[in-house]
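Overview (structure and organization)
Each chain is listed here by its residues.
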Amino acid sequence: MGGKYHHGNLRDELVRVSLDLIAERGVAGFSVAEVARRAKVSPAAPYRHFPERESLLAAVAATVACQLAEEVRAAIDREDDPADSLAAAAGAYTAYLIRRRAGMNLIYAEGLHGPGYTELHENTRVLTDQFLMLCLRLCAEPGEALELMEQLFTQAHGYGMFWLDGVFVKHGYRPEQVVAKSVAAARVMIEGHRSSGERP
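So, here is what we can say about the structure in this document.

Reading the values: the criteria
Counting starts from 1 at the beginning of each chain's written sequence and moves along it residue by residue. pLDDT decides what is reported in this predicted model: residues at 70 or higher carry local features, side-chain atom pairs at 80 or more are listed and counted, and totals for whole chains, interfaces and linings draw on all residues regardless. As a convention, hydrogens and water are excluded, and side-chain values are obtained from all of the structure's heavy atoms. Pairing of aromatic side chains requires ring centres within 6.5 Å, counting the rings of Phe and Tyr and the six-membered ring of Trp. Pairs whose planes differ by under 30 degrees are stacked, by over 60 edge-to-face, and all others tilted. Under the DSSP-based scheme used, a helix requires at least four consecutive residues in state H or I and a strand at least two consecutive residues in state E, with every element numbered from the N terminus. To estimate the expected span of a helix, subtract one from its residue number and multiply by 1.5 Å. Buried residues are those whose accessible area, probed at 1.4 Å on protein chains only, stays under 20% of the maximum for their type, while exposed residues exceed 50% and partly exposed ones sit between those limits. Two N or O atoms count as a polar contact when they lie within 3.5 Å, although within protein this holds only if one can serve as hydrogen donor and the other as acceptor, and sequence-adjacent residues are included solely when both atoms are side-chain atoms. Each reported salt bridge corresponds to a side-chain nitrogen of Lys or Arg within 4 Å of a carboxyl oxygen of Asp or Glu. The contact criterion used is simple: two residues touch if any of their non-hydrogen atoms lie within 4.5 Å.

Another aspect to go through is the packing of aromatic side chains. Applying the stated criterion to the full structure yields 5 aromatic pairs. Both rings, one in Tyr159 and one in Phe168, keep their centres 5.8 Å apart while their planes meet at 25°; by these two values the pair is stacked. The structure contains a cluster of three or more aromatic residues connected by ring pairs, namely Tyr159, Phe162, Phe168 and Tyr173.

If you check helix H4 (residues 82-100), its first and last C-alpha atoms are 27 Å apart, about what 19 residues at 1.5 Å a residue would give, namely 27 Å. Of all 19 residues in H4, 16 are buried, a share of seventy percent or more. Among the residues of H4, the N-terminal cap falls to Asp81, whose side-chain oxygen and the backbone nitrogen of Ala83 are separated by 2.9 Å. Phi turns positive, to about 55°, at Arg101, one or two residues after H4.

Tallying each qualifying case throughout the model produces 12 salt bridges. The shortest N-O distance in the salt bridge between Asp20 and Arg100 comes to 3.3 Å. Here the residue Asp20 occupies a position in helix H1 (residues 10-25), and Arg100 occupies one in helix H4, the gap between them amounting to 80 residues. Salt bridges sharing common partners tie together Glu24, Arg25, Glu34, Arg37 and Arg38.

In this structure, Phe50 sits in the loop between helix H2 (32-39) and helix H3 (53-77). On the basis of relative accessible area, Phe50 is assigned to the buried category, the value being 3%. Here the alpha-carbon distance between Phe50 and Val32, two residues 18 residues apart in the chain, equals 10.0 Å. Ignoring anything within four residues of it in the chain, the contact list for Phe50 reads Arg11, Leu14, Val15, Ser55, Leu56 and Ala59.

The next point concerns unusual backbone geometry. The phi dihedral of Lys40 falls on the positive side, at around 60°, and the residue is not glycine. Look at Lys40 and you get exposed, because its relative accessible area is 60%. A positive phi angle, near 55°, is found at Arg101, a position not held by glycine. Inspection of the secondary structure puts Arg101 in the loop between H4 and helix H5 (104-107).

Rendered as structure tokens:
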């Protein structure tokens, strides 16, 4: 057989091409046919590795969750104070979303909640646990920690979407400014919860 890869590792190539397509067009612009075209394979070739569109999208989402977890971990490790670590984690999420157009919008996309997508669910847990462990250190009650985590993901995603949707572009902000704003907003939110009693 000819072709660019002999496709010994076509599965990974399809995921890589899918990530690039989503970064360019967003989740709404994802198409298996377009992925196949860009990977230079037949329209049927992806289905040898992924039985349906959702299984390919789940593999892409699992990769996004893994990459996000790695970037969040790196941001956390650069700080000593748990509040600073948590704010940096929020900024890392915003930066990734701006760069890749994928985050919770893909990880929790419709059709990806089934029990068969274990890699996605495990990678998502690694990502969210990094936030939750820090929130638990800063909040007096587990329920408050969960609330803070939800708020942080919501604001971090919102700042990224304001950039992607052109709202911040119209204000002349650069991506790094948007990330800084996300971190600053996270700090305000965290301090509000921290005042209720930080745990060592």
